[in-house]
Structures are given as structure tokens and as C-alpha cells.
Amino acid sequence: MATVHLRIGDLVWGKLGRYPPWPGKVVSPPKDLKKPRGKKCFFVKFFGTEDHAWIKVEQLKPYHPHKEEMLKSNKGKRFQQAVDAVEEFLKKGKGKEQGSHSSSDDKKSSDSKGRKAPAKPMKIIEEDDEDLFKGGSSDKELTDSDPEPSSVQRLVAGTVSGFKWESSPASSMEPISKRLKVVEEDTRSTSIQAADSTALNGSITPTDKRIGFLGLGLMGSGVVSNLLKMGHVVTVWNRTAEKCDLFIQEGARLGRTPAEVVSMCDITFSCVSDPKAARDLVLGPSGVLQGIRPGKCYVEMSTIDPETVAELSQVITSRGGRFLEAPVSGSQQLSNEGMLVILAAGDRSVYEDCSSCFQAMGKTSFFLGEAGHAARMMLILNMVQGSFMATIAEGLTLAQATGQSQQTFLDILCQGQMASAFLDQKCQNILQGNFKPDYYLKHIQKDLRLAISMGDSVNHPTPMAAAANEVYKRAKALDQSDNDMSAVYRAYIH
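These numbers come from a predicted model, not from an experiment.

Asker: I would appreciate a short explanation of the overall build of the chain in the present structure.
Answerer: Of the regular secondary structure elements, the chain holds 18 helices and 16 strands. For the chain, with 494 residues in total, the buried portion stands at 49%. In the chain, the share of contacts with a sequence separation of at least 24, taken over all contacts with a separation of at least 6, comes to 66%.

Structure follows, in C-alpha cells:
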């Protein structure tokens with residue numbers, strides 16, 4: 001078989017999924033991480049993100065020959081920071097090389113026999129060379145520039161999805177070999193913390209249960225893609241059938257109706273837009289309820305109100321089915337990367353049966369108790385996020401109105417206590433006029449409305465959320481419903 005002219009230590013451009021090429025370095029994988037079966041790939045550490053991933057051979061290019069090409073095609077701030085990190089790495093490498101030459105010259109002059117020690121050859125990695133990826137005794141171990149396992153405490157949600165190195169015992173992150181961590185707390189909640197699933201490419205042992213998935217929107221599409229990547233057997237259905245085609249090509253099976261999917265599968269997930277859509281999916285013609293039989297599991301992932309959750313739980317269990325709600329916190333990007341946060345409540349045994357699925361689609365999942373608790377928690381989280389986004393938009397427009405630089409305002413925010421990937425991404429969207437949906441504005445407004453109603457039901461005031469809700473309603477009136485939530489900015493400038 002032909003060899004690939006890459007070796008451990010080489011700088012490369014690596015492309016992962018739908019994301020642009022990113023600068024990285026071929027490194028030895030952790031000893032606990034096996035090379036994915038049937039895939040010809042290298043383990044790459046990406047610069048500027050602390051992400052790591054198995055990358056297919058055909059998605060790799062040598063760094064230097066393609067540098068100018070990549071610089072022309074990508075102008076993003078994080079991308080430039082990654083390239084700067086490569087250049088800094090190269091500078092350090094030159095300094096070390098010069099030092100090593102000096103040291104070797106001294107050694108040669110002191111060699112009484114005048115013999116030159118033979119250089120250890122660098123092995124060229126063949127496409128099917130398994131030995132170098134089993135860990136432990138590779139030709140070249142990780143260099144000083146590679147992170148120590150205990151030093152990588154987080155995964156930046158950036159352009160690529162990566163592997164989390166095992167952290168120190170004091171950290172909450174789990175080793176790769178221990179795929180599932182269940183933490184019981186005084187709050188009676190439980191969390192499953194999984195190493196990033198997208199980049200592990202097969203290290204998760206998929207459940208042998210047949211999985212169904214209803215709804216292939218912004219969030220559902222990424223979830224299904226990651227379930228398939230991790231080896232789950234998935235049957236899909238979507239109201240617009242054409243959206244199923246891509247997943248059929250990736251190995252999914254097609255269900256003609258929700259009832260058929262449920263009848264064919266052991267666990268069926270759904271992820272739709274709002275309470276009405278969730279109710280229609282279950283109770284409508286050829287709906288979920290018609291396919292429910294004793295023992296069938298139904299997992300509602302939509303962000304809906306607790307009253308609808310209670311109704312769906314009641315009708316599913318009345319037919320002998322098992323019910324779990326599991327709304328997700330995140331965005332389209334995080335869904336694609338397998339980095340969602342899953343909030344679950346309901347049947348605890350269903351939650352445990354879904355463990356490999358939750359590891360595939362998310363970085364962490366929490367079990368919150370009885371059905372309805374996850375819906376309440378999710379609405380509170382989205383209420384805070386929606387209000388925060390409206391406040392940021394208000395600040396940006398006030399800065400402009402008072403003659404201040406919006407970019408400087410953002411730079412100051414990103415250096416302070418409120419700095420976050422969410423803040424940076426949404427503000428950059430606004431400054432660039434890019435409102436391609438990552439989380440629909442109409443959906444965050446729906447979440448605010450439901451959160452306000454939930455507050456009313458317990459006589460709890462929500463004046464901040466109510467004010468933010470009015471701004472989003474104005475943005476919807478300006479035809480921003482199908483844009484990203486950051487388009488709430490336009491409510492202030494029209």
C-alpha cells in the first residue's frame with residue numbers, strides 16, 4: 001500500500017467535517033485511545049484551540065506548501081491566532097535546533113574514538129500502520145510543546161471539535177478509558193460527563209438498541225450526524241423528507257411516519273420547534289402514540305413548557321411506553337461538534353439506556369429528577385441567554401449612538417469578566433452583519449415567552465425577561481424570525 005508522507009511532528013492543515021482547514025501538528029495519540037477502525041487517519045493537535053482529533057488522510061495537507069493558499073481563504077480572528085501560534089512554535093523549534101547542534105558538536109569533539117553516533121531514522125507512517133497509534137512506544141513521544149495531560153482543562157468551542165486529554169484527579173474530567181461518570185449531588189441531580197465524542201471517532205461503544213430520530217432541524221441534524229459517526233443504528237424521519245437524504249447517504253435508515261419509526265426502534269428521540277409541533281408529532285395522524293408499545297422509549301429533546309412535557313409523558317406511559325425529556329443547551333455549531341449540554345428528567349432507566357447516545361451528542365448530561373424539571377431548567381437558562389443577548393445588542397447600539405467604537409466596546413468586554421465564546425461570536429456576527437442562524441431568533445423569543453408564563457404560574461416576577469421579550473417581538477416584526485438570535489440588534493436600529 002502506498003505510504004503517506006507524513007510523520008509524527010509534521011505540521012499540517014487538517015479539515016474536520018464541514019469546518020475550514022486548520023493548522024495543526026501530527027502527534028502521538030494517548031495510549032488509551034485506539035485508532036478508529038477502517039479509517040486511514042492521523043492524530044492531530046490543532047494550534048490555538050488545544051483541540052485534538054483523528055483526521056482522515058485525505059483531509060490533511062502539509063503546512064508550508066499550502067500556507068499561502070489557506071491564508072487567502074480564511075481571514076478569521078481565531079484562524080490568524082492559530083497561524084501566529086504555528087509561527088511561534090517554528091521560532092522556538094529553530095532555537096532548540098541550534099542549541100542541539102551546539103551540544104552535539106561538543107559531544108563529537110569529546111568522543112575519544114571520533115565516531116559519529118548513528119541518527120535514529122524517522123519512520124514514515126503508512127496508511128494502515130497500526131503500531132504507532134497504539135500508544136506507549138512510538139518513535140517519537142510528545143514534545144515539550146505538546147500539552148501535559150493535566151494542563152488541558154477545557155475544550156474551546158472553536159472551529160474544530162477535539163479530544164479532551166485526561167486531567168488530574170482533582171478535575172471533573174474523566175479519563176478516556178472510563179467512558180461514563182455519574183455524579184450524585186445534594187440537589188438529587190446526576191450528570192454524565194463524556195470526553196468529546198466527535199473527535200474520538202468510535203471510542204464510544206454504541207448501544208445495541210435501535211435508535212429513532214424525528215426532526216432534522218438546526219439541532220437535530222448535528223445530533224443525528226454524531227450518532228451515526230459513533231456507530232449507532234439510526235432511523236430518521238422529518239416533515240420535509242428531503243432533509244433525510246444526506247443522513248441516508250451516511251448510513252441512516254428512513255422511516256415513512258413517526259409511528260413507523262417508533263415501532264421499528266427501541267429508543268426514539270424527537271427535536272422540534274415548539275410545544276404545538278411536539279404535541280402534533282405525538283398525537284397527530286400516524287404520530288408517535290400510534291407506534292408506542294410496552295417497553296418502547298420516547299425521548300423529547302425539544303425546548304417546551306413543563307405542562308406539555310407532563311401531557312406527553314402521561315400519554316406515552318399510558319400505552320406502556322417509557323418517557324424521558326432531554327432538552328439541549330447549545331447551538332447548531334455545538335450540535336455539529338457533539339458538545340451540547342443535555343438536561344434530562346423522567347424515567348431514570350431510559351436515561352441510563354441513552355448513555356452512549358448522550359455521549360455522542362454532548363459533552364455533559366444531567367439527570368434532574370421527575371419529568372418537567374428539565375423543561376423548567378432549560379427555560380430558565382434560555383431566559384438568561386436571551387436577555388443577555390438583548391442587553392449586548394442594546395450596549396452596542398448605545399455605543400454607536402454616543403460616538404464610541406463598537407469594536408473597542410467588544411474588545412473591552414472580551415478582556416473582562418464577561419468574556420466568553422458566546423459573547424465574542426454573537427458580537428462578531430453583529431459587527432459583520434452576518435445573521436446566519438445558529439439559534440433561531442423566533443425560538444429564543446418562544447423560550448422567553450414560555451419562561452415568563454412559567455414565572456406567572458408561580459407568581460414570580462420576570463421584568464427583565466419581559467423587557468427582552470418585547471425587543472425580540474419587535475425584531476420578529478422586522479422579519480428577523482429566521483435569522484440568528486443576534487439579529488435582535490436590528491430591533492434597535494430600525
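Next comes the rest of the account.
Asker: I'm lost on the sheet that holds strand 4 (residues 52–56) in this one. Help?
Answerer: Two modes of strand pairing occur in sheets, parallel and antiparallel, and in both the strands are linked by backbone hydrogen bonds. Pairing within the open sheet is antiparallel, and its five strands lie in the order 4-3-2-1-5. A strand with exactly one partner marks an edge of an open sheet, and here the two such strands are strand 4 and strand 5 (60–62). For this sheet the average axis-to-axis angle between neighbouring strands, irrespective of direction, equals 45°. Sheet analysis places strand 2 (residues 22–26) next to strand 3 (residues 41–46), joined by three bridges and oriented antiparallel. When the bridges of strand 3 are listed, glycine 24 appears paired with phenylalanine 46.

Asker: Any chance you could explain the nonpolar core here in plain terms?
Answerer: Nonpolar side chains tend toward joint burial in soluble globular proteins. Core analysis: the largest hydrophobic core is formed by 35 residues, its most contacted members being Phe213, Leu227, Phe269, Val299, Met301, Phe358 and Met361. Elements that contribute at least two residues to this core include exactly strand 8 (211–214), helix 4 (218–229), strand 9 (234–237), strand 11 (267–270), strand 12 (297–300), strand 15 (340–346), helix 11 (348–353) and helix 12 (355–361). Among the elements that line this core, the one with the most residues is helix 4, at five residues. Ignoring sequence-local partners within four residues, the contact set of methionine 301 consists of Phe213, Phe269, Ser270, Cys271, Ala326, Pro327, Val328 and Met361. Of all hydrophobic cores here, the second largest spans 26 residues; its members include Leu441, Tyr472, Met485 and Ala491.

Asker: I would appreciate a short explanation of the environment of glutamine 290 in the present structure.
Answerer: Along the chain, glutamine 290 falls in helix 8 (residues 288–291). Beyond its immediate stretch of four places on either side in the chain, glutamine 290 contacts Ala259, Gly284 and Pro285.

Asker: When you look at the pattern of salt bridges in this model, what are you seeing that I'm missing?
Answerer: Overall, the coordinates contain 14 salt bridges when judged by the stated rule. Here aspartate 266 makes a salt bridge to arginine 210, at a shortest N to O gap of 3.2 Å. With aspartate 266 in the loop between helix 6 (258–264) and strand 11 and arginine 210 in the loop between helix 3 (197–200) and strand 8, this pair connects stretches of sequence that are 56 residues apart. The exposure class of arginine 210 is partly exposed, given its relative accessible area of 38%. Sharing partners across several salt bridges, the network here consists of Arg322, Asp347 and Asp353.

Asker: Can you help me understand the environment of aspartate 274 in this one?
Answerer: Within the fold, aspartate 274 resides in the loop between strand 11 and helix 7 (275–283). Separated by 169 residues in the primary sequence, aspartate 274 and histidine 443 place their C-alpha atoms 7.8 Å from one another. Ignoring anything within four residues of it in the chain, the contact list for aspartate 274 reads Ile304 and Lys446. Separated by 2.8 Å, the side chain of aspartate 274 and the backbone nitrogen of alanine 277 make a polar contact.

Asker: I'm lost on helix 9 (residues 306–318) in this one. Help?
Answerer: Spacing of three or four residues puts side chains on the same side of an α-helix, whose turn is 3.6 residues. The terminal C-alpha atoms of helix 9 lie 18 Å apart, and with 13 residues this matches the ideal 18 Å at 1.5 Å per residue to within 8%. Buried residues of helix 9: Pro306, Thr308, Val309, Leu312, Ser313, Val315 and Ile316, and no others. At its buried positions, helix 9 is contacted by helix 7, helix 8, strand 12, strand 13 (322–325), helix 13 (373–401) and helix 16 (441–457). Of the residues flanking the end of helix 9, it is glycine 320, one or two places downstream, whose phi is positive at about 90°.

Asker: I'm lost on unusual backbone geometry in this one. Help?
Answerer: Peptide bonds are trans in most cases, and residues, glycine excluded, mostly fall at negative phi. One non-glycine residue with positive phi stands out, namely serine 286, at about 55°. Among the secondary structure elements, serine 286 is positioned in the loop between helix 7 and helix 8. By relative accessible area, which is 31% here, serine 286 ends up partly exposed. Positive phi, close to 55°, is recorded for asparagine 459, a residue that is not glycine. With respect to the helices and strands, the residue asparagine 459 is situated in the loop between helix 16 and helix 17 (463–477). When its relative accessible area of 71% is taken as the criterion, asparagine 459 is described as exposed.

Asker: When you look at the packing of aromatic side chains in this model, what are you seeing that I'm missing?
Answerer: Two descriptors summarise a pair of aromatic rings, namely the distance from one centre to the other and the angle between the planes of the rings. Throughout the structure, instances matching the rule amount to nine aromatic pairs. Aromatic side chains tryptophan 13 and tyrosine 63 sit 5.0 Å apart centroid to centroid with 15° between the ring planes, which places their arrangement in the stacked category. Taken together, the residues tryptophan 13 in strand 1 (residues 11–14) and tyrosine 63 in the loop between strand 5 and helix 1 (67–73) connect sequence positions 50 residues apart. Ring centres of phenylalanine 213 and phenylalanine 269 lie 6.1 Å apart, and the angle between their planes is 20°; this geometry places the pair in the stacked category. With phenylalanine 213 in strand 8 and phenylalanine 269 in strand 11, this residue pair connects regions lying 56 residues apart in the sequence. By the burial criterion, phenylalanine 213 is buried, and phenylalanine 269 matches it. Aromatic rings pair up to connect Phe213, Phe269, Tyr351, Phe358 and Phe367 into one cluster. In this structure, lysine 45 is placed above the aromatic ring of phenylalanine 47, and the distance from its NZ or CZ to the ring centre is 5.8 Å.

Asker: Please explain the layout of surface pockets as it appears in this structure.
Answerer: Gaps left between atoms show up when a probe the size of a water molecule is rolled over them. Taken as a whole, the second largest pocket holds about 940 Å³ of empty space. The wall of the second largest pocket is formed by 33 residues, among which Gly217, Cys271, Val272, Ser273 and His443 lie closest to the centre. Listing elements by their share of the lining of the second largest pocket, those giving two or more residues are helix 4, helix 7 and helix 16. Per-element accounting of the lining of the second largest pocket gives the leading share, five residues, to helix 7.

Asker: It is not clear to me how the side chain of lysine 426 should be interpreted in this structure. Could you clarify?
Answerer: Structurally, lysine 426 can be placed in helix 15 (residues 421–432). Residue class for lysine 426 comes out buried when judged on its relative accessible area of 3%. Within polar-contact distance, the side chain of lysine 426 engages the side chain of aspartate 484 at 2.9 Å.

Asker: Hey, could you run me through the packing of helix 13 against helix 15 in this one?
Answerer: Think of two packed helices as two axes; the pair is described by the angle between the axes and how far apart they sit. For the pair helix 13 and helix 15, interaxial distance at closest approach is 11 Å and the crossing angle is 45°. Taken together, the axis directions place helix 13 and helix 15 in an arrangement best described as oblique. Considering how the two elements wind past one another, helix 13 and helix 15 form a crossing that is right-handed. In this structure, helix 13 contributes Gln385, Phe388, Met389, Ile392 and Leu396 to the contact, and helix 15 contributes Phe422, Leu423, Lys426, Cys427, Ile430 and Leu431. Partitioned by chemical class, the residues of the contact of helix 13 with helix 15 number nine nonpolar, one polar and one charged.

Here is what the cut-offs are and how they apply
- Residues numbered from 1 in each chain as written.
- Predicted model: local features only at pLDDT ≥ 70, side-chain atom pairs only at ≥ 80, totals over all residues.
- Heavy atoms only, no water.
- Helix = DSSP H or I, 4+ residues; strand = E, 2+ residues; numbered from the N terminus.
- Buried < 20%, exposed > 50% of the residue type's maximum accessible area, 1.4 Å probe, protein only.
- Contact = heavy atoms within 4.5 Å.
- Pairing = 2+ DSSP bridges.
- Axes fitted to C-alpha atoms, helices over the stretch in contact; angles between N-to-C directions.
- Core = buried A, V, L, I, M, F, W, Y, C linked by side-chain atoms within 4.5 Å.
- Salt bridge = Lys/Arg side-chain N within 4 Å of Asp/Glu carboxyl O.
- Polar contact = N/O pair within 3.5 Å; in protein donor to acceptor, adjacent residues only side chain to side chain.
- Expected span 1.5 Å × (residues − 1).
- Phe/Tyr/Trp six-rings, centres within 6.5 Å; stacked < 30°, edge-to-face > 60°.
- Lys NZ or Arg CZ within 6 Å of the ring centre and 35° of its normal.
- 1 Å grid on protein atoms, 1.4 Å probe; cavity = no way out; pocket = protein on both sides within 12 Å on 5 of 7 lines; lining within 4 Å.
- Points joined across faces, edges and corners; volume = space filled by probe spheres on them.
- Parallel < 35°, antiparallel > 145°, perpendicular 65-115°, else oblique.
- Left-handed = near helix turned anticlockwise from the far one by under 90°.
- Nonpolar A, V, L, I, M, F, W, Y, C, P; charged D, E, K, R; others polar.

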